[in-house]
Amino acid sequence: MKSYFAPASTGNFSVGFDLLGAAFEPVDGSLFGDELRIHSEQAELSLSLTGRYVHQLPKDTDHNLVLKCFYAFEKAIGRTLPRLQLELVKNLPVGSGLGSSACSIVVACYAFNDYFGKPLDDYQLLQLMAQLEGGVSGSVHYDNVAPSFYGGLLLMLPDSPLLCRALPWFEHWQVVLCYPGTVLSTKEARAVLPQQLTLKHSIAFAGMLSRFISALYAKDESEAFAALQDLVAEPARQHLMPELAPIREKLTAQGIGHVGISGAGPTIFAVCQNDTQAKFADDYLQQHYAKNSDAMTTVCRLARQGARAL
Ligand SMILES: Nc1ncnc2c1ncn2[C@@H]1O[C@H](COP(=O)(O)OP(=O)(O)OP(=O)(O)O)[C@@H](O)[C@H]1O
Ligand SMILES: N[C@@H](CCO)C(=O)O
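Residue numbers here run from 1 along each chain, matching the order of that chain's written sequence. In the order they appear in the text, chains get letters beginning with A and ligands get numbers beginning with 1. Selection of residues for local features in this predicted model requires a pLDDT of at least 70, selection of side-chain atom pairs for listing and counting requires 80 or more, and totals for whole chains, interfaces and linings are taken over all residues. Excluded from the side-chain calculations are hydrogens and water; all other atoms, namely the structure's heavy atoms, are used.

Under an unreviewed UniProt entry, the name given to the protein is Homoserine kinase, and the organism recorded is Rheinheimera soli. Under the Catalytic activity (unreviewed entry) heading, UniProt states for the protein: "L-homoserine + ATP = O-phospho-L-homoserine + ADP + H(+)". UniProt positions are given in the numbering used here, feature names are shortened, and annotations may be inferred rather than shown by experiment. Under the Sequence similarities (unreviewed entry) heading, UniProt states for the protein: "Belongs to the GHMP kinase family. Homoserine kinase subfamily."

So, in structure tokens, the structure goes:
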């Protein structure tokens with residue numbers, strides 16, 4: 001058996017709608033992402049489903065993205081491949097804002113490419129992943145697939161042959177992620193977005209993103225926190241997540257530098273500068289944002305490594 005893993009990710013990172021994304025891993029060293037196991041080659045392609053969030057997946061495995069990835073990968077390389085006995089260990093909640101569909105897509109495409117001798121280079125592989133993710137969310141955006149594939153905090157460069165570039169990070173930052181247990185589809189959360197921005201608004205968005213990125217390079221933490229403002233998606237999505245404003249007020253009153261929506265939500269992320277803040281955010285979010293037994297809260301650091309064989 002060969003086993004592969006890809007980490008969870010936070011698209012947007014508040015200030016970079018569709019242009020920033022980060023991969024995260026729990027500080028306790030556990031794995032937080034989807035795993036794909038290739039058990040053997042066999043006559044027919046098959047997929048079994050296990051893991052904590054298996055009940056959130058379509059019952060019919062023909063609708064599972066992992067099988068769609070297999071056929072898309074086969075088409076991309078232009079030859080018929082041996083059929084596989086696959087198992088997806090679904091550890092990320094679906095429609096959560098944690099890049100769940102992207103994570104399954106990344107782990108599957110990475111696994112097939114590795115297993116079949118790397119016929120696609122990283123550029124081709126990332127483009128394939130982004131196209132598949134676009135098929136789910138309704139538009140091609142790289143801010144979940146790219147960090148899940150490469151790890152780190154990344155700036156998307158969709159018009160460059162690089163596609164994305166790694167950014168600096170404050171090593172002591174801990175990010176507390178809280179998924180409340182309710183589902184918000186990315187398609188639905190994109191449907192409420194404005195179709196146009198005014199010139200003034202466009203300049204403000206570009207200015208805030210540039211301010212954040214320049215603060216990362218300058219290692220200017222207070223400037224970085226000041227620039228972590230979502231001027232595009234959050235104003236349009238806040239009615240979908242009414243708890244965000246009071247939670248932000250409570251956590252920032254404790255000195256926590258930033259609270260935002262992870263991807264399209266409903267997961268909330270809190271950027272903390274020390275263990276005391278992270279512990280407070282962890283406890284507070286578990287008590288005040290978790291809504292059912294599907295909810296989960298985890299204290300993370302940036303995941304430097306993306307998709308890989310285990
Ligand atoms: N392996 C899979 N993982 C996740 N979603 C899957 C998978 N296979 C099929 N799907 C379907 O893809 C859709 C994913 O929807 P959506 O993009 O809203 O979720 P998401 O990727 O989990 O969201 P987010 O990026 O905000 O975490 C759902 O309809 C889900 O049933
Ligand atoms: N950038 C995407 C991320 C989806 O997880 C969005 O906000 O719609």
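*Asks:* Help me understand the overall build of the protein, please; the structure alone is not making it clear to me.
*Replies:* Looking only at helices and strands, the protein features 10 helices and 12 strands. With C-alpha atoms as the basis for the radius of gyration, the globule rule is written as 2.2 Å multiplied by the number of residues raised to the power 0.38. Compactness check: the protein gives a C-alpha radius of gyration of 19 Å against a globular reference of 19 Å for 310 residues, within 12% of the reference. In terms of overall dimensions, the protein has C-alpha extents of about 60 × 40 × 35 Å along its principal axes. Remark: exposure states derive from per-residue accessible area (1.4 Å probe, protein chains only) relative to the maximum for the residue type, with buried under 20%, exposed over 50%, and partly exposed in between. Taking all 310 residues of the protein together, 56% fall into the buried category. The contacts in the protein between residues at least 6 apart in sequence include a share of 76% that link residues at least 24 apart. Strands here mean DSSP runs of E at least two residues long; helices mean DSSP runs of H or I at least four residues long; both are numbered from the N terminus. By definition, residues are in contact when any of their heavy atoms lie within 4.5 Å.

*Asks:* Is there a simple way to explain the pairing of strand β4 (residues 46-50) in this structure?
*Replies:* The two faces of a sheet get side chains in turn, since along a regular strand they alternate between them. In this analysis, strands are considered paired if DSSP registers two or more bridges between them. Sheet topology places β4 next to strand β5 (residues 83-89); five bridges connect them, and they run parallel. Across the sheet, Thr50 pairs through a bridge with Val89, a residue of β5. Crossover β4 to β5 through helix α1 (residues 65-77) is left-handed. By the criterion used throughout, a crossover qualifies as right-handed when its path from the first strand across the helix to the second strand runs clockwise, the strands pointing away from the viewer.

*Asks:* How should I be thinking about the UniProt feature "binding site: ATP" (unreviewed entry) in the protein in this particular structure?
*Replies:* Per the UniProt record, the feature "binding site: ATP" (unreviewed entry) sits at Pro93, Val94, Gly95, Ser96, Gly97, Leu98, Gly99, Ser100, Ser101, Ala102 and Cys103. Its place among the elements puts Gly97 in the loop between β5 and α2 (100-115). By relative accessible area, Gly97 is classed as buried at 13%. In contact with Gly97, other than residues within four places in its own chain, are Ser9, Ser262, Gly263, Ala264 and Gly265. Along the chain, the position of Ala102 falls in helix α2. Residues contacting Ala102, with those up to four places away along its chain left out, are Glu133, Asn144 and Val145.

*Asks:* Would you explain the site of ligand 2 in this entry?
*Replies:* A molecule or strand has a residue near it when one of that residue's heavy atoms lies within 4 Å. Near ligand 2, the surroundings consist of Asn12, Phe17, Asp18, His141, Asp143, Asn144, Thr186, Arg190, Arg237, Gly263 and Ala264. Any N or O atom pair separated by 3.5 Å or less is treated as a polar contact, with the protein-specific requirement of one donor-capable and one acceptor-capable atom, and with residues adjacent in sequence counted only for side-chain atom pairs. Contact distances for ligand 2 include 2.8 Å between a nitrogen atom and a side-chain N or O atom of Asn12. Ala264 places a polar main-chain atom, nitrogen or oxygen, 3.5 Å from an oxygen atom of ligand 2. All amino acids are sorted into three groups, where Ala, Val, Leu, Ile, Met, Phe, Trp, Tyr, Cys and Pro are nonpolar, Asp, Glu, Lys and Arg are charged, and the leftover types, Gly among them, are polar. Each residue belonging to the shell around ligand 2 can be placed in one class, and the counts come to two nonpolar, five polar and four charged. Residue ranges for the domains originate in an automatic or database domain assignment. Composition of the shell around ligand 2 by domain shows at least three residues from each of domain 1 (2-167) and domain 2 (174-302).

*Asks:* When you look at the site of ligand 1 in this model, what are you seeing that I'm missing?
*Replies:* Surveying the vicinity of ligand 1 reveals 21 residues, the closest of which are Gly95, Gly99, Ser100, Ser101 and Thr186. Taking Leu65, its main chain carries an N or O atom lying 3.0 Å from a nitrogen atom of ligand 1. Between an oxygen atom of ligand 1 and a main-chain N or O atom of Thr186, the distance comes to 2.8 Å. Against a free-state accessible area of 620 Å², the protein chains account for coverage of 86% of ligand 1. The leading source of residues in the shell around ligand 1 is α2, at three residues. For the shell around ligand 1, the residue count by class is eight nonpolar, 12 polar and one charged. Each accessible area is a Shrake-Rupley estimate made with a 1.4 Å probe; only the visible protein chains count as cover when residues are assessed.

*Asks:* So what exactly am I meant to see when it comes to the domain arrangement of the protein here?
*Replies:* Many descriptions give the size of an interface as the accessible area lost when the pieces come together. By the assigned domains, the protein splits into domain 1 (2-167) and domain 2 (174-302). Averaged C-alpha coordinates put domain 1 and domain 2 at centres separated by 23 Å. On the domain 2 side, the residues contacting the 40 residues of domain 1 number 45 residues. Buried area adds together the accessible area that both of two parts lose upon being put together, with accessible area traced by a 1.4 Å probe. At the boundary of domain 1 with domain 2, total buried surface from both sides reaches about 3300 Å², with 63% on carbon and sulfur atoms. It is Ser14, Val15 and Phe17 in domain 1 that bury the most area against domain 2; as a group they hold 21% of the surface buried on that side. By definition, a salt bridge exists where a carboxyl oxygen of Asp or Glu is found within 4 Å of a side-chain nitrogen of Lys or Arg. At the surface where domain 1 touches domain 2, the tally comes to two salt bridges. Between Arg190 and Asp18 there is a salt bridge whose closest N-O contact spans 2.7 Å.

*Asks:* Can you walk me through helix α9 (residues 244-253) in this structure?
*Replies:* At 3.6 residues per turn, the α-helix brings residues three or four places apart onto the same side. All buried positions along α9 are accounted for by Leu244, Ile247 and Leu251. All buried residues of α9 lie within an arc of 70° about the axis, which places them on one face of the element. The exposed residues of α9 that point more than 90 degrees off its buried face are Glu249 and Ala253. Count one or two residues on from α9 and you reach Gly255, which has phi positive near 95°. It is the directions from the helix axis to the C-beta atoms whose arc is reported.

*Asks:* Before we go on, may I ask you to explain the pattern of salt bridges in this structure?
*Replies:* A pair can form between side chains of opposite charge whenever their charged atoms are brought close. As enumerated under the stated definition, the model contains 13 salt bridges in all. Members of the salt-bridge network, linked through shared partners, are Lys2, Asp114 and Lys118.

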